[in-house]
Amino acid sequence: MGDVLAGIHATWEFDTDAVLIRFERGIRAPKLFQSLRERRIPYAALSSVTLTPGKRNTVVLRAVPRVGADPLVEAAAGQLKEGYDPYRLVLPAEREVLAEYYADELRTVLDPASDEPADRFLVAAPEAPMSFKAYDGRAGFDGDRVSFRWSWTGASSAKWKAGDQTFRVGELAGIVWRSPEALDGYLRLIPRTAAPVGHRAGGSLDDTLGPVAGEGETGGPSAGEPSASRAADQDPAAVLFGLGYGPVHESLPFAAAVLESVRRTQPGSGGPAPALVSAGRRDPADIAERIHHLGELHRAGLVTDAEFSAKKAELLSEL
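The structure displayed is predicted, hence computed values, not measured ones.

S.K.: Would you mind showing me how to read the overall build of the protein chain here?
M.R.: When its secondary structure is counted, the protein chain shows eight helices and 14 strands. Counted over contacts in the protein chain with a minimum sequence separation of 6, partners at least 24 positions apart contribute 62%. A total of about 15,800 Å² of accessible surface is found on the protein chain, and carbon and sulfur atoms cover 52% of it.

Okay, here's the thing in structure tokens:
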């Protein structure tokens with residue numbers, strides 16, 4: 001196509017085999033977009049294209065990525081808010097006819113297998129080296145190793161006892177990123193020894209292994225307990241997020257870069273992504289403890305009424 005379509009916070013440049021998305025770095029642009037700067041999305045990585053009405057007299061052109069094609073999307077596992085979606089281009093409503101033209105043009109270049117999951121990542125992950133500050137330590141990734149350096153003010157005694165951690169990507173089976181915008185966000189690495197046979201690197205431990213046992217508990221894991229079943233604050237293979245720690249624009253690109261490196265090292269990585277398995281029900285005592293903790297945060301003014309009600313309903317639905 002060889003054309004350029006400028007929208008709000010991003011510009012799409014159409015090439016013969018890909019669309020180059022350049023994100024605005026202005027003060028009003030989402031910080032995730034500023035962090036990503038630009039991304040090259042091959043047409044083979046797209047499953048469909050939509051054009052829908054937006055807010056405040058706008059239209060939204062969205063290129064829908066194929067399942068398994070983009071490590072950023074896989075790491076996010078559906079947790080990104082609409083305004084942080086890097087595949088959305090918001091345009092003034094008066095440009096709807098032009099947007100429809102480009103939507104039709106994109107549809108003509110989609111891969112014949114666009115409805116099928118990609119057998120490998122087709123979009124490049126953000127490049128290492130990368131680092132960010134978490135609540136209980138600092139995470140770093142040099143392209144080959146992930147390191148966790150614990151903070152004396154935030155890390156649990158279990159993590160201090162285990163000491164600072166370094167993981168080679170070849171030793172990992174996957175990662176889990178739980179958004180820092182949630183009350184219990186974290187980045188967890190899944191060592192191969194903690195993953196079930198046939199596990200494929202991905203962004204959702206709850207979906208692939210079931211719910212994490214002991215979430216929100218203060219006690220440490222029992223001897224010999226695998227990393228994947230520990231509460232994140234007790235797991236030396238996880239760093240906790242918190243208010244101002246591990247923000248989306250820093251921790252998500254980090255998680256995507258690690259995930260892409262892990263996937264590349266896995267045998268048989270060219271196979272199709274497995275279907276996700278829904279999580280089982282949680283222990284009622286665990287749910288009650290988490291609601292009690294949520295209530296304390298609400299009374300302290302750290303959680304709004306709306307956030308308290310929504311999270312409480314979410315926890316009760318897991319019973």
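The rest of the description comes next.
S.K.: I keep staring at helix 6 (residues 248-265) and nothing clicks. Help me out?
M.R.: An α-helical turn contains 3.6 residues, so any two residues separated by three or four positions project in the same direction. Between the first and last C-alpha of helix 6 there are 26 Å, a value that for 18 residues agrees with the 26 Å anticipated at 1.5 Å per step. By the criterion of burial, helix 6 is predominantly enclosed, with 13 of the 18 residues buried.

S.K.: Honestly, the pattern of salt bridges in this entry has me stumped. Any pointers?
M.R.: Pairing of side chains with opposite charge becomes possible as their charged atoms draw close. In this structure the tally under the stated criterion is 15 salt bridges. Of the charged contacts, one joins Glu 181 and Lys 81 as a salt bridge, the two residues approaching to 3.6 Å between their closest N and O atoms. With Glu 181 in the loop between strand 12 (172-178) and strand 13 (186-191) and Lys 81 in the loop between helix 2 (71-76) and strand 7 (88-92), the pair connects residues that are 100 residues apart, well separated along the chain. Classification of Glu 181 by relative accessible area gives partly exposed; the value is 43%. One salt bridge connects Asp 104 with Arg 107, and the closest N-O pair in it is separated by 2.7 Å. Note that Asp 104 and Arg 107 are positioned in helix 3 (residues 96-108) at a spacing of three residues, about one turn of the helix. Residue Asp 104 is classed as partly exposed on the basis of its relative accessible area of 38%.

S.K.: Sorry, what's going on with the packing of aromatic side chains here?
M.R.: How two aromatic rings sit relative to each other is given by the distance of their centres and the angle of their planes. The tally for this structure, following the rule as stated, stands at 10 aromatic pairs. On the numbers, 6.2 Å between centres and 65 degrees between planes, the contact of Phe 141 with Phe 254 is edge-to-face. Here Phe 141 is found in strand 9 (residues 137-141), whereas its partner Phe 254 is found in helix 6, with 113 residues between them in sequence. Taken as a pair, Phe 141 and Phe 254 share a single burial class, namely buried. Chaining the aromatic ring pairs together yields one cluster made of Trp 12, Phe 14, Tyr 101 and Tyr 102. When the ring centre of Tyr 186 is taken as reference, the NZ or CZ atom of Arg 188 above it lies at 4.9 Å.

S.K.: Mind showing me how you'd approach the nonpolar core here?
M.R.: Nonpolar side chains in soluble globular proteins tend to be buried together. Formed by 62 residues in total, the largest nonpolar core has its most connected members in Trp 12, Leu 61, Trp 177, Leu 189, Phe 254 and Val 258. Top element by residues in this core is helix 6. It accounts for nine residues. Setting aside residues no more than four positions away along its own chain, Phe 254 makes contact with Met 130, Ser 131, Phe 132, Ala 139, Gly 140, Phe 141, Val 146 and Leu 187. In terms of nonpolar packing, the next biggest core, distinct from the first, is built from seven residues, Tyr 186, Ile 190, Ala 232 and Leu 240 among them.

S.K.: Help me out: how do you make sense of the sheet that holds strand 13 in this one?
M.R.: Sheets are built from strands that pair by backbone hydrogen bonding, the pairs being arranged parallel or antiparallel. Strand order in the open sheet formed by three strands is 12-13-14, and the pairing between neighbours is antiparallel. Across the chains shown, the open sheet's two edge strands, defined by having one partner strand only, are strand 12 and strand 14 (238-240). Neighbour-to-neighbour, the strand axes of this sheet turn through a mean angle of 10 degrees, independent of strand direction. Pairing of strand 13 with strand 14, which is carried by three bridges, proceeds in the antiparallel orientation. Looking at the pairing, Leu 187 lines up with Val 239 of strand 14. Against the sheet, helix 6 touches strand 12 and strand 13, its axis set at about 160 degrees to strand 12.

S.K.: Explain the confidence of the model for the protein chain here, please?
M.R.: The predicted coordinates ought not to be read in detail in places where the model reports low pLDDT. Summarising the model, the protein chain shows a mean pLDDT of 83, and 76% of its residues fall at 70 or more. The low-confidence segment residues 204-226, where pLDDT is below 50, has 55 contacts with residues more than four positions distant or belonging to other chains. A low-confidence stretch, residues 270-281 stays under pLDDT 50, and its non-local contacts, those more than four residues away or across chains, total 17 contacts.

S.K.: Can you walk me through the environment of Val 64 in this structure?
M.R.: Note on placement: Val 64 falls in strand 6 (residues 58-65). When sequence neighbours within four positions are dropped, the list of residues in contact with Val 64 reads Leu 46, Ser 47, Ser 48 and Thr 50.

S.K.: Explain the pairing of strand 10 (residues 145-150) here, please?
M.R.: The two faces of a sheet get side chains in turn, since along a regular strand they alternate between them. Strand direction decides the pairing type here: strand 9 and strand 10, joined by five bridges, are antiparallel. By the bridge assignment, Ala 139 is partnered in strand 10 with Phe 148. Taken together, the four bridges between strand 10 and strand 11 (residues 165-168) define a ladder with antiparallel strand orientation. The residue of strand 11 that forms the bridge with Ser 147 is Thr 166.

Each value, and the rule that gives it
Residues numbered from 1 in each chain as written. Predicted model: local features only at pLDDT ≥ 70, side-chain atom pairs only at ≥ 80, totals over all residues. Heavy atoms only, no water. Helix = DSSP H or I, 4+ residues; strand = E, 2+ residues; numbered from the N terminus. Contact = heavy atoms within 4.5 Å. Areas by Shrake-Rupley, 256 points an atom, 1.4 Å probe, with all protein chains shown as cover. Expected span 1.5 Å × (residues − 1). Buried < 20%, exposed > 50% of the residue type's maximum accessible area, 1.4 Å probe, protein only. Salt bridge = Lys/Arg side-chain N within 4 Å of Asp/Glu carboxyl O. Phe/Tyr/Trp six-rings, centres within 6.5 Å; stacked < 30°, edge-to-face > 60°. Lys NZ or Arg CZ within 6 Å of the ring centre and 35° of its normal. Core = buried A, V, L, I, M, F, W, Y, C linked by side-chain atoms within 4.5 Å. Pairing = 2+ DSSP bridges. Axes fitted to C-alpha atoms, helices over the stretch in contact; angles between N-to-C directions. pLDDT = per-residue confidence, 0-100.

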